[in-house]
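For reference, the chains in residue letters:
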Amino acid sequence: MARHLALKAYGKINLGLDVLKRREDGYHEVRMIMQTVGIFDRLDLEPKPEPGISVECNLYYLPTNENNLVYRAAKLLMDEFDIKEGLSIRLKKFIPVAAGMAGGSSDAAAVLFGVNRIFRLGLSMEELMERGVKIGADVPYCLMRGTALSEGIGEILTPLPPVPQCPVLIAKPSINVSTKFVYENLHLDQLSPADHPNIDGILTAIRDGQISGIAENLGNILETVTIKEYPIIQEIKDTMLRYGAIGSLMSGSGPTVFGLFPDQETATTAYEHMRFGESSNLAKQVYLTNFYNLNQKSS
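What counts, and at which threshold
Residues numbered from 1 in each chain as written. Predicted model: local features only at pLDDT ≥ 70, side-chain atom pairs only at ≥ 80, totals over all residues. Heavy atoms only, no water. Helix = DSSP H or I, 4+ residues; strand = E, 2+ residues; numbered from the N terminus. Rg over C-alpha atoms; globule rule 2.2 N^0.38 Å. Buried < 20%, exposed > 50% of the residue type's maximum accessible area, 1.4 Å probe, protein only. Contact = heavy atoms within 4.5 Å. Areas by Shrake-Rupley, 256 points an atom, 1.4 Å probe, with all protein chains shown as cover. Pairing = 2+ DSSP bridges. Axes fitted to C-alpha atoms, helices over the stretch in contact; angles between N-to-C directions. Parallel < 35°, antiparallel > 145°, perpendicular 65-115°, else oblique. Left-handed = near helix turned anticlockwise from the far one by under 90°.

Undergrad: Got a sec to walk through the overall build of the protein chain? Specific residues and values, please.
TA: Helix and strand counts for the protein chain come out as 10 helices and 11 strands. Against the 2.2 N^0.38 benchmark of 19 Å for 299 residues, the protein chain shows a C-alpha radius of gyration of 19 Å, consistent with a compact globule. Taking the principal axes of its C-alpha atoms as reference, the protein chain extends roughly 55 × 45 × 35 Å. In the protein chain, which comprises 299 residues, the share counted as buried stands at 53%. Restricting to contacts in the protein chain with at least 6 residues of sequence separation, those with at least 24 account for 74%. Summed over all atoms, the accessible surface of the protein chain reaches about 13,400 Å², with 48% contributed by carbon and sulfur.

Undergrad: Residues and numbers for the sheet that holds strand S7 (residues 167-172), please.
TA: Backbone hydrogen bonds are what pair the strands of a sheet, in a parallel or an antiparallel way. Reading across from one edge, S9-S10-S7-S11 is the order of the 4 strands in this open sheet, with antiparallel pairing throughout. A strand with exactly one partner marks an edge of an open sheet, and here the two such strands are strand S9 (247-250) and strand S11 (285-290). If you compare each strand with its neighbour and ignore which way they point, the axes differ by 20° on average. Note that S7 and strand S10 (residues 257-260) share 4 bridges and pair antiparallel. Bridge assignment links Ala171 to a residue of S10, and that residue is Val257. Its contacts with the sheet put helix H9 (residues 232-242) on S7, S9 and S10, and the angle it makes with S9 is roughly 165°.

Undergrad: Got a sec to walk through the packing of helix H1 (residues 69-80) against helix H2 (residues 103-118)? Specific residues and values, please.
TA: Running from amino to carboxyl end, H1 crosses H2 at an angle of 30°, the nearest separation of the two axes being 8 Å. In this view, H1 runs roughly parallel relative to H2, as classed from their interaxial angle. Between H1 and H2 the crossing geometry is right-handed. Contacts between H1 and H2 involve Leu69, Val70, Ala73, Ala74, Leu76, Leu77 and Met78 from the former and Gly104, Ser105, Asp107, Ala108, Val111, Leu112, Val115 and Asn116 from the latter.

Undergrad: So what's going on with the pairing of S10? Which residues, and what values?
TA: Neither face of S10 is exposed, since Val257 and Gly259 on one face and Phe258 and Leu260 on the opposite face are all buried. Pairing between S9 and S10: 4 bridges, direction antiparallel. The partner of Leu249 across the bridge, within S10, is Phe258. Between the antiparallel neighbours S9 and S10 lie 6 residues, among them Gly252 with a positive phi of about 55°.

Structure below.
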């Protein structure tokens with residue numbers, strides 16, 4: 001049994017997010033292009049002789065009980081395999097919270113991976129992903145990572161070729177957005193075809209290795225709800241484009257916005273303006289990163 005595991009849980013952005021319909025069970029059918037980025041949380045997992053799961057976190061306002069997805073992920077596997085030992089989880093958050101970047105899902109995915117490794121459960125990646133969807137629709141993707149087409153409620157995943165590397169500026173304003181609120185206020189019957197993003201156009205650009213084609217087709221149908229409620233999201237998008245982004249979009253249900261940049265110099269200048277300069281009032285958290293793919297790792 002491994003005595004200690006140090007893991008990184010990477011955040012994601014959506015290069016495209018479309019909602020096709022609302023199902024009878026209340027879930028929504030989606031079609032999304034998911035992309036891992038180089039911002040990550042750190043997790044330290046360590047078995048302990050006494051039973052039980054203990055969670056510590058650097059953010060005082062996050063729960064450390066069964067209301068935290070990392071706790072639920074550990075409990076899921078430890079109950080299934082009747083593990084008598086306990087587990088200590090130390091979580092250090094860097095991915096913005098409640099931001100549309102799947103931070104909680106990524107942390108849960110890392111714990112599933114870690115518990116499988118520490119207690120030598122022998123589960124394959126596919127078996128971990130099957131269990132992950134019980135915790136959240138994004139968890140299977142966060143186990144797989146990289147560039148992927150996500151369908152169904154998010155659990156049907158098709159790996160895609162890695163996107164061409166480019167600087168990614170990420171900015172989260174000092175608001176939190178309820179995913180439940182956004183989906184409840186998404187009225188598909190009131191939207192036009194033009195409101196739906198061109199997912200096929202993004203797929204073609206990814207397969208052709210054309211970052212400009214990806215940037216031109218960025219689209220997120222949830223912006224039709226979230227931007228109306230929080231106009232600052234549009235302001236951040238416009239600011240990134242003014243500073244030289246070739247495309248900008250809200251990730252997930254928001255409120256995080258990302259911009260794709262043509263080169264490091266332009267991206268760094270934009271980062272400095274938004275982090276320290278004339279536009280620093282727009283976002284509480286600003287990061288400059290890049291894409292993360294398994295065969296094209298971010299530093």
